[in-house]
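# Breakdown of the fold
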Amino acid sequence: LSGIDILNLTGTTAVLKDITKTSSNKILFNINKSINKSIDDIADNFSKIPPRDVVDVGKVIKNKTNKIDNKINHIFNKKEHKLDKFLENFQNNPKQAYDVTIDALKEEISAGKLPNNFTNGYKINVDGFEIEVRGVIKNGKPEIGTMFIP
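Residues numbered from 1 in each chain as written. Predicted model: local features only at pLDDT ≥ 70, side-chain atom pairs only at ≥ 80, totals over all residues. Heavy atoms only, no water.

With that settled, consider the packing of aromatic side chains. Throughout the structure, instances matching the rule amount to two aromatic pairs. Between Phe86 and Phe129 the ring centres are 5.5 Å apart and the planes differ by 75 degrees, which places this aromatic pair in the edge-to-face class. Taken as a pair, Phe86 in helix α3 (residues 84–88) and Phe129 in strand β2 (residues 129–138) lie far apart in primary sequence, 43 residues in all. Residue class for Phe86 comes out buried when judged on its relative accessible area of 0%. Here the aromatic cluster, defined as three or more aromatic residues joined through ring pairs, consists of Phe86, Phe90 and Phe129. (Phe/Tyr/Trp six-rings, centres within 6.5 Å; stacked < 30°, edge-to-face > 60°. Helix = DSSP H or I, 4+ residues; strand = E, 2+ residues; numbered from the N terminus. Buried < 20%, exposed > 50% of the residue type's maximum accessible area, 1.4 Å probe, protein only.)

Moving on, we come to the pairing of β2. One ladder, built from seven bridges, connects strand β1 (residues 117–126) with β2; its direction is antiparallel. The residue bridging Phe118 from the neighbouring strand is Gly135, located in β2. Taken together, β1 and the strand that follows it, β2, pair antiparallel across an intervening segment of two residues, in which Asp127 is found at a positive phi of about 55 degrees. Across seven bridges, β2 lies against strand β3 (residues 141–148) in antiparallel orientation. Each residue of the ladder has a partner; that of Lys138, found in β3, is Lys141. Linking β2 to β3, which pair antiparallel, is a turn of two residues; within it Asn139 sits at a positive phi near 55 degrees. (Pairing = 2+ DSSP bridges.)

Moving on, we come to the confidence of the model for the protein. For the protein, the mean per-residue pLDDT works out to 78, and 57% of the residues sit at or above 70. pLDDT under 50 marks residues 5–9. Its contacts with residues more than four places away, or in other chains, come to two contacts. (pLDDT = per-residue confidence, 0-100. Contact = heavy atoms within 4.5 Å.)

Its identity as a non-glycine residue notwithstanding, Lys82 has a phi of 55 degrees, on the positive side. Inspection of the secondary structure puts Lys82 in the loop between α2 (51–76) and α3.

As for its position among the elements, Asn93 is in the loop between α3 and α4 (94–110). For the pair Asn93 and Phe76, spaced 17 residues apart in sequence, the C-alpha to C-alpha distance is 9.7 Å. At 3.0 Å, the side chain of Asn93 and the backbone nitrogen of Gln96 are in polar contact. (Polar contact = N/O pair within 3.5 Å; in protein donor to acceptor, adjacent residues only side chain to side chain.)

In a beta sheet, neighbouring strands pair by backbone hydrogen bonds and run either parallel or antiparallel. Judged by pairing direction, the sheet is antiparallel, and its three strands sit side by side in the order β1-β2-β3 without closing on themselves. The sheet is open, and its two edges are formed by β1 and β3, each paired on a single side. Neighbouring strand axes in the sheet, compared pairwise and without regard to direction, differ in orientation by 40 degrees on average. Here α4 sits on the sheet in contact with β1, β2 and β3, set at roughly 125 degrees to β3. (Axes fitted to C-alpha atoms, helices over the stretch in contact; angles between N-to-C directions.)

Quick look at the structure:
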């Protein structure tokens, strides 16, 4: 290569680097512009939510919590369910015993053993106790209607 060829190559390389840098900057600018527009759109949508809807979401969460609390109360405060010894394994904490049972049912779902509708009863071993659980699978999660030791 002659000296002129080397100068032309060097100049071409510099021009290509400049074009690449300019193109990259334009692409990044457009990406940032899109992201900022999306964030602005999201913020605009949130500002359009009436305050009452936010309160309603709080009520839904509270109602769901109350429903579970009522369910736990129904399950563990009935002597005929025979869950006293089972409950002792969880320091007499019904919520903890309930959660462990839910986790065991989730494992049964993962293993493909738990039917979608187990309202006629499904026996499961939880912490060494044979528990009969009745309920359904809703949105991929077990919902207990009742449980007891037969």
